[in-house]
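# Structural description and commentary
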Amino acid sequence: MATSSQAKPITLNDQTTVNYSRARRTLNRFLRHRVAVVGLVVLIAIVLFVTLGALWYSEADANYNDTKRSLLAPNAEFPLGTDTIGRNILARIIYGGQISMLIGVTAVTVSVLVGTTIGVFSGYFGGVVDSLLMRFTEAMLSIPSLLLLLVMAKFFSGRIPQQEFLGRTFSGSVIVIVVIIGLTSWMYLARIVRSAVLSIRETEYVMAAQALGATHRRIILAHILPNTLAPVIVAATLGVASAILSEAYISFLGVGVQPPTATWGNLLEGSRRYIDDAPWLWIFPGLMIVLTVMSINFVGDGLRDALDPRSDKKI
Amino acid sequence: MSRYIIRRLIQAVPLLFFISIVLFLLMQASGDPLATLGGRQPPRAEDRERLKRQMGLDQPPLMQYFIWLVGNDWMVVNDETGETGTRRGVIRGDFGTSFVTRQPVIEVIWERMPNTLILMGTAEVVIIIVSLTIGVISAVRQYSLLDTVATGFSFVAYSIPVFLMGLMLMYIFAVRFRQWGLPYLPISGMFDPTVGRTFDQIARHLVLPVLTISLISIATYSRYIRSTMLEVINSDYIRTARAKGLSERRTLFVHAFKNASLPIVTLIGLDLPFLLAGAVVTETIFAWPGMGRLFIDHLTRSDYPVLMGLLMMISVAVVFFQLLTDVVYTWLDPRIRYT
């Protein structure tokens, strides 16, 4: 900090004055995190690729199969080759990417809703509510989530018919996957929110609101929730990456999203059988998964540093 | 201490009870176990009824859970003959009979358990040794070449799903190596059936699955060890130890390492049962005949006695390792006391 006696505003360094708004400071902290910026750029590029790619190939192209052209190596007509029944892998990566990302974002929305609700109730009301909800959370954490996902995917599979959405047909399994990933990933969020609420509940402004006769609802919505936002945003961002991975795992094992709807995960299903002859079956979708997950993780790290500078960086 | 352990064990009972109810009710509706019993042909209607009664599937779900838990050898199951049931229930160690093989669940799991333990045990040893080495070296020589390489590697490996790692290793060390005329590794099963179950065969078949499991865990563990080591190395008592003239080796490995190992113990202890779940994927890719493959195989056939058995065993393992971690903690750090 400048200690000179000249009549200048107090400056942290030459560019950043303390007068900047909170949002601006957060943005600056994020931009200083080089890797996060690279991650964000890569992520935007991937999103553009899977959305603008739809201009080159229609969804019908992605699902069109012709066994006469099956397992072709990458060539001029099919830049990334064709799969076992002759579908264009590039087109499927584009449409699969849309679904994978959609699943990532919506599943996290479900898990944020569930996790925040449970965390807030548990932290705010305490007592019996708290111990019941936390025992439940503990029980959920004691079952490895991949196994739980597999069991639940089996449980719900085939129960939901195909859906029309935005003029496109989705296999019902997409909704199943979104719901079950959401329902098996809220536990850490609930714990984060609960501990944040526990400390906020004891602050003066909450006590003041209580003294003024504010209802529980108002205290929770207006005073407590906004202050838990920072850790929730960070956890949700990282959650998108792990939701995309979860989808890939269960689809790879064959109980996830069912064809013809493509996802990055189910593109890889069965590729092991062609490991000798057709490496393009798994290299390209695999690369997309790794790039996406990695860039989301980088962005999440950057957000953590930017939103919550005091927090310890978990590996 | 022993009072603490007993209290924790008592607390674990309702937790496991709760887990079992949730899982059992989920299983109930997860497909029809009878549909796949007769191979391709679905059983006839009267056979269906008989099979359902034999397997106890005609009971309401909560009753089925009750029988699963405490058995039915004390109640009359056939009014005409006054015959009692034969099941003894989970609390007396009877996990029921597999729908598919008609063997007791315990036997089905027992057969596969050694294979998974060989795989996971080897992987865990590799993970601990390699990540400790990398983690400690990159903390002591911060920003050295090894540290930079390890950082880069861990960022990438952290984002690679297990199945992709498996496919990549398979492609390089089996497919490519064979094409290049190098000695290549087997990619499926535990041993070559023409050679038999020899030590040499199992060791060769172990390499790729163990690498698959360990590489990703090494990435996270070594980062974690590096950061806890760094924290400890920069603390006052390490400076004191150095100032006293202790050898660098003694300072690092006796003074620093013991304190740095605290968070590492937590990480390993809590991760161990979850690694077991990760084995589902690895065992599927490499056709390793372990508990993970058993889970997938019996999941597709809705054989829920076996699935329940596996899931409950893993849940017990999770609870057990949580307790073990806490106990090891007090031994490593005498300041921590549980009452």
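All of the points below concern the structure found in this document. Throughout this description, residue numbers start from 1 for each chain and increase along the sequence as written. Here the convention is simple: chains get letters from A, ligands get numbers from 1, in the order in which they are written. Since the coordinates come from a predicted model, pLDDT governs what is reported: local features require at least 70, and pairs of side-chain atoms require 80 or more to be given and counted, while whole-chain, interface and lining totals use all residues. Hydrogen atoms and water are omitted, and side-chain values are computed over all heavy atoms in the structure.

### Description of the overall build of chain A
A run of DSSP states H or I qualifies as a helix once it reaches four residues; a run of E qualifies as a strand once it reaches two. Both are numbered from the N-terminal end. Scanning chain A from N- to C-terminus turns up 13 helices and two strands. Buried, partly exposed and exposed residues are distinguished by accessible area as a fraction of the type maximum, computed with a 1.4 Å probe on protein chains only: under 20%, between the cut-offs, and over 50%, respectively. A burial count over chain A gives 49% of its 315 residues as buried. Nonlocal contacts in chain A, meaning residues at least 24 apart in sequence, comprise 69% of its contacts between residues at least 6 apart. When the accessible surface of chain A is summed, it comes to about 15600 Å², and 63% of that surface belongs to carbon and sulfur atoms. The contact rule is simple, with two residues in contact once any of their heavy atoms fall within 4.5 Å. Per-residue and other accessible areas were derived by the Shrake-Rupley procedure at a 1.4 Å probe size, with only the shown protein chains allowed to occlude residues.

### Some words on the environment of threonine 151 of chain B
Residue and element names in this part refer to chain B. Within the element layout of this structure, threonine 151 appears in helix H5 (residues 145–158). Judged by its relative accessible area of 19%, threonine 151 is buried. With 168 residues separating them in the primary sequence, threonine 151 and valine 319 have C-alpha atoms 32 Å apart. In this structure the side chain of threonine 151 is engaged in a polar contact, spanning 3.2 Å, whose partner is the side chain of arginine 223. Within 3.5 Å is the distance limit for a polar contact, defined as a pair of N or O atoms, with the added protein rule that one can donate a hydrogen and the other accept it, and that residues adjacent in sequence qualify only through two side-chain atoms.

### Regarding the environment of threonine 251 of chain B
Residue and element names in this part refer to chain B. Considering the arrangement of structural elements, one finds threonine 251 in helix H9 (residues 248–285). In this structure, the C-alpha to C-alpha distance between threonine 251 and threonine 240, residues 11 residues apart in sequence, is 9.7 Å. Excluding residues within four positions of it along the chain, threonine 251 makes contact with Ile238, Ala241, Arg242, Leu246 and Ala256. A distance of 2.6 Å separates a polar atom in the side chain of threonine 251 from the backbone oxygen of serine 247.

### Digging into helix H4 (residues 105–140) of chain B
For a helix, the expected span equals 1.5 Å multiplied by the number of residues minus one. Its 36 residues place the ends of H4 of chain B 50 Å apart at the C-alpha level, agreeing with the 52 Å of an ideal helix rising 1.5 Å per residue. At methionine 113 of chain B, H4 of chain B shows its largest kink, close to 35°, and the proline proline 114 of chain B lies no more than four residues downstream. Fitting axes to the seven residues ending at a residue and to the seven starting there, one defines the bend at that residue as the angle between these axes.

### Some details on the pattern of salt bridges
We define a salt bridge as a side-chain nitrogen of Lys or Arg found within 4 Å of a carboxyl oxygen belonging to Asp or Glu. Per the stated rule, a full pass over the model turns up 11 salt bridges over all chains. Between aspartate 276 of chain A and arginine 178 of chain B there is a salt bridge; the shortest N-O distance is 3.1 Å. In this pair, aspartate 276 of chain A sits in the loop between helix H12 (264–268) and helix H13 (280–307) while arginine 178 of chain B sits in helix H6 (residues 162–179), so the two residues belong to two different chains. In this structure arginine 178 of chain B comes out as partly exposed when scored by relative accessible area, which is 41%.

### A look at the packing of helix H5 (residues 127–142) of chain A against helix H1 (residues 2–28) of chain B
Only the stretch in contact is used when fitting a helix axis, every axis being a line fitted to C-alpha atoms; angles between N-to-C directions are given from 0 to 180 degrees. Here H5 of chain A crosses H1 of chain B at 70°, and the two axes come no closer than 9 Å. One way to sum up the angle between H5 of chain A and H1 of chain B is to call them roughly perpendicular. Judged by the twist between their axes, the crossing of H5 of chain A over H1 of chain B is right-handed. Two secondary-structure elements touch here, H5 of chain A through Arg135, Phe136, Glu138, Ala139 and Ser142 of chain A and H1 of chain B through Leu15, Phe18 and Ile19 of chain B. Of the residues assigned to the contact of H5 of chain A with H1 of chain B, the class counts are five nonpolar, one polar and two charged. We call two directions roughly parallel when the angle between them is under 35 degrees, roughly antiparallel when it is over 145, roughly perpendicular when it lies between 65 and 115, and oblique otherwise. Left-handed describes a crossing whose near helix is turned anticlockwise from the far helix through less than a right angle; right-handed describes the clockwise counterpart. Classification used: nonpolar for Ala, Val, Leu, Ile, Met, Phe, Trp, Tyr, Cys and Pro, charged for Asp, Glu, Lys and Arg, polar for all others including Gly.

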